[in-house]
Amino acid sequence: MPAAHLLIVLWLLRDHRDDWEGWPEGMACTEPPVCVPCVALSLRLCPALRRGAAAVRVRQFELAGVRGALYRKGASGAVAVDDVNLAYDDPDIRWVVASALIRELRGCTLVPLATISRNSEKAPTPECGGLRSD
Ligand SMILES: [Zn+2]
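Model, not experiment: these values are computed from the prediction.

Examining the overall build of the protein
Link 1 in the chain: Helix and strand counts for the protein stand at three helices and five strands.
Link 2 in the chain: Along the protein, helices (α) and strands (β) appear in the sequence β-β-α-α-β-β-β-α when read from the amino end.
Link 3 in the chain: Classification of the 134 residues of the protein by burial places 17% in the buried group.
Link 4 in the chain: Sequence-distant contacts, at least 24 apart, represent 73% of the contacts inside the protein between residues at least 6 apart.

A closer look at the nonpolar core
Link 1 in the chain: One finds Trp11, Leu12, Val34, Val39, Val56, Val58 and Leu105 to be the most contacted residues of the largest nonpolar core, which totals 13 residues.
Link 2 in the chain: When contributions to this core are tallied by element, the ones reaching two or more residues are strand E1 (9–14), helix H1 (36–45), strand E3 (53–74) and strand E5 (96–111).
Link 3 in the chain: In this structure valine 34 touches Leu10, Trp11, Leu12, Val39 and Ser42, once residues within four positions along its chain are discounted.

Some words on unusual backbone geometry
Link 1 in the chain: Residue proline 24 is bonded to the preceding tryptophan 23 through a cis peptide linkage, with omega at 5 degrees.
Link 2 in the chain: Within the secondary structure, proline 24 is located in the loop between E1 and strand E2 (28–29).

Quick notes on the environment of proline 33
Link 1 in the chain: Following the sequence through the fold, proline 33 ends up in the loop between E2 and H1.
Link 2 in the chain: It is 6.9 Å that separates the C-alpha atoms of proline 33 and leucine 12, two residues lying 21 residues apart in sequence.
Link 3 in the chain: If sequence neighbours within four positions are ignored, proline 33 has contacts with Val9, Leu10 and Trp11.

Digging into the pairing of strand E4 (residues 77–87)
Link 1 in the chain: Examined bridge by bridge, E3 and E4 share 10 bridges and lie antiparallel to one another. Looking across to E4, one finds that arginine 72 is bridged to valine 79.

Observations concerning the environment of valine 36
Link 1 in the chain: As for its position among the elements, valine 36 is in helix H1.
Link 2 in the chain: As a C-alpha pair, valine 36 and valine 9 span 27 residues in sequence and 9.9 Å in three-dimensional space.

Reading the values: rules and limits
Residues numbered from 1 in each chain as written. Predicted model: local features only at pLDDT ≥ 70, side-chain atom pairs only at ≥ 80, totals over all residues. Helix = DSSP H or I, 4+ residues; strand = E, 2+ residues; numbered from the N terminus. Buried ≥ 20, exposed ≤ 12 C-beta atoms within 10 Å, placed from the backbone. Contact = placed C-beta atoms within 7 Å. Core = buried A, V, L, I, M, F, W, Y, C linked by C-beta atoms within 7 Å. Pairing = 2+ DSSP bridges.

All quantities given are derived from atomic positions and should not be read as evidence of function.
Right, here's the structure in full:
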């Protein structure tokens, strides 16, 4: 088994577990993963996460497509007509100016936030790119 399949990565997401059975399995995600030391800081500083967050361990997170502005031919050049999420194999992808990569989350396990928070008391390290709040 390739090493990448043994890697489990943590995501901190807005809590939409009522959206479908097994959420967030199969979700298209533009957010980056998070390291454990940054969880408490993210929960404190991110307005969206303060409205309700879920920590998820993810086993597979393949790049699946892009989010961006879809353009079409206009009278005097290309014109943005919509904000879209498109898979890489969608023929329209050549008309998109991407603003984010989309990963498809698979092998998801919800983790109680209290479990993560207990392990995220220490300050983020410079290596993780975490910002200090002080
Ligand atoms: Zn971090």
